[in-house]
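# Descriptive structure summary
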Amino acid sequence: MDIKEIQSLIKFVAKSGASEVKLETDDIKITIRTGTVGPGTDTTYVQQIPVPQTPMAPIPQAPPETPAPSPEANTSETPEEDAKYITIKSPIIGTFYRKPSPDKPAFVEVGSSISKGDVLCVIEAMKLFNDIESEVSGKIVKVLVEDSSPVEFDQPLFLVDPS
């Protein structure tokens, strides 16, 4: 059994909704368990145990995929130009959202004029949505984070031109 067959078996089990599947052949034994660890969390366990009588050949690992650079990364400005802007950073760890809900428009866009106290985005942390307000007035020059992506504490979110 090769790695692709194992991966397709995992996908099949996940889609079927089965909680546990055991597969045993002459040279391999696989147990796949899916279940919830916490609310809304699916976990899949794969255990591969070679039978002692038959030595197994190592399974080749696919090289990790490198993400394609985002289009925004190619159009970044020079550090000297960024230095004249104020960086608004994330005050907490969570998931960054540009909109109050999926069917509403974004709080701010590039080119939007903002005032001190305006809501720029929300960050979801532990099922709580926290409004992130601007501490400066100016114009949004760049949005540095994609919608629905995780953010870290003190991670830059927006560049603002205070002039």
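Right, let's walk through the structure included here. (Residues numbered from 1 in each chain as written. Predicted model: local features only at pLDDT ≥ 70, side-chain atom pairs only at ≥ 80, totals over all residues. Heavy atoms only, no water.)

### Focus on the environment of Ile88
So the rule is basically this: Numbering of helices and strands runs from the N terminus; a helix is a DSSP stretch of H or I covering at least four residues, while a strand is a stretch of E covering at least two. Whether two residues touch is decided by their heavy atoms; if any such pair falls within 4.5 Å, the residues are in contact.
Within the secondary structure, Ile88 is located in strand β4 (residues 86-89). Separated by 67 residues in the primary sequence, Ile88 and Gln155 place their C-alpha atoms 8.5 Å from one another. For Ile88, the residues in contact, after removing those within four places along its chain, are Leu120, Ser134, Val136, Gln155, Pro156, Leu157, Phe158 and Val160.

### Looking at the sheet that holds strand β9 (residues 138-143)
We count it as follows: Here, a strand pair is defined by DSSP locating no fewer than two bridges between the strands.
Pairing is antiparallel in the open sheet, where four strands are placed in the order β4-β11-β9-β6. The sheet is open, and its two edges are formed by β4 and β6 (113-114), each paired on a single side. Taken together, the four bridges between β9 and strand β11 (residues 156-161) define a ladder with antiparallel strand orientation. Note that in β11 the partner of Val143 across the bridge is Phe158.

### So, the nonpolar core
The cut-off we apply is this: By nonpolar core we mean a set of buried residues, namely Ala, Val, Leu, Ile, Met, Phe, Trp, Tyr and Cys, connected to one another through side-chain atoms within 4.5 Å. Partly exposed describes any residue whose relative accessible area lies between the buried limit of under 20% and the exposed limit of over 50%, with all areas from a 1.4 Å probe on protein chains only and scaled to the type maximum.
With 15 residues, the main nonpolar core has Phe96, Leu120, Ile140, Leu157 and Phe158 as its most contacted residues. Those residues in contact with Leu157 that lie beyond four places of it in its chain are Ile88, Lys89, Ser90, Phe96, Cys121, Ile123, Lys142, Val143, Leu144, Val145 and Val151.

### What about the sheet that holds strand β7 (residues 119-125)?
Selection criterion: The angle between two axes is taken between their N-to-C directions and runs from 0 to 180 degrees, where each axis is a line fitted to C-alpha atoms and a helix contributes only its stretch in contact.
Taken together, the four strands give an open sheet; going across it, the order is β8-β7-β5-β10, and neighbouring strands pair in antiparallel fashion. Of all strands in the sheet, those with a lone pairing partner are β8 (128-133) and β10 (149-151), marking the two edges. If you compare each strand with its neighbour and ignore which way they point, the axes differ by 40 degrees on average. Two strands pair when backbone bridges link them, and strand β5 (residues 94-97) and β7 are joined in this way by three bridges, in the antiparallel orientation. Residue pairing in the sheet places Tyr97 in a bridge with Val122 of β7.

### Looking at the pattern of salt bridges
Quick note on the threshold: One speaks of a salt bridge when a side-chain nitrogen belonging to Lys or Arg is within 4 Å of a carboxyl oxygen belonging to Asp or Glu.
By the definition in use, this model includes one salt bridge. Between Arg98 and Glu109 there is a salt bridge; the shortest N-O distance is 3.1 Å. Residue Arg98 is located in the loop between β5 and β6, and its partner Glu109 is located in the loop between β5 and β6; the two are separated by eleven residues in the primary sequence. The class for Arg98 is buried, based on a relative accessible area of 18%.

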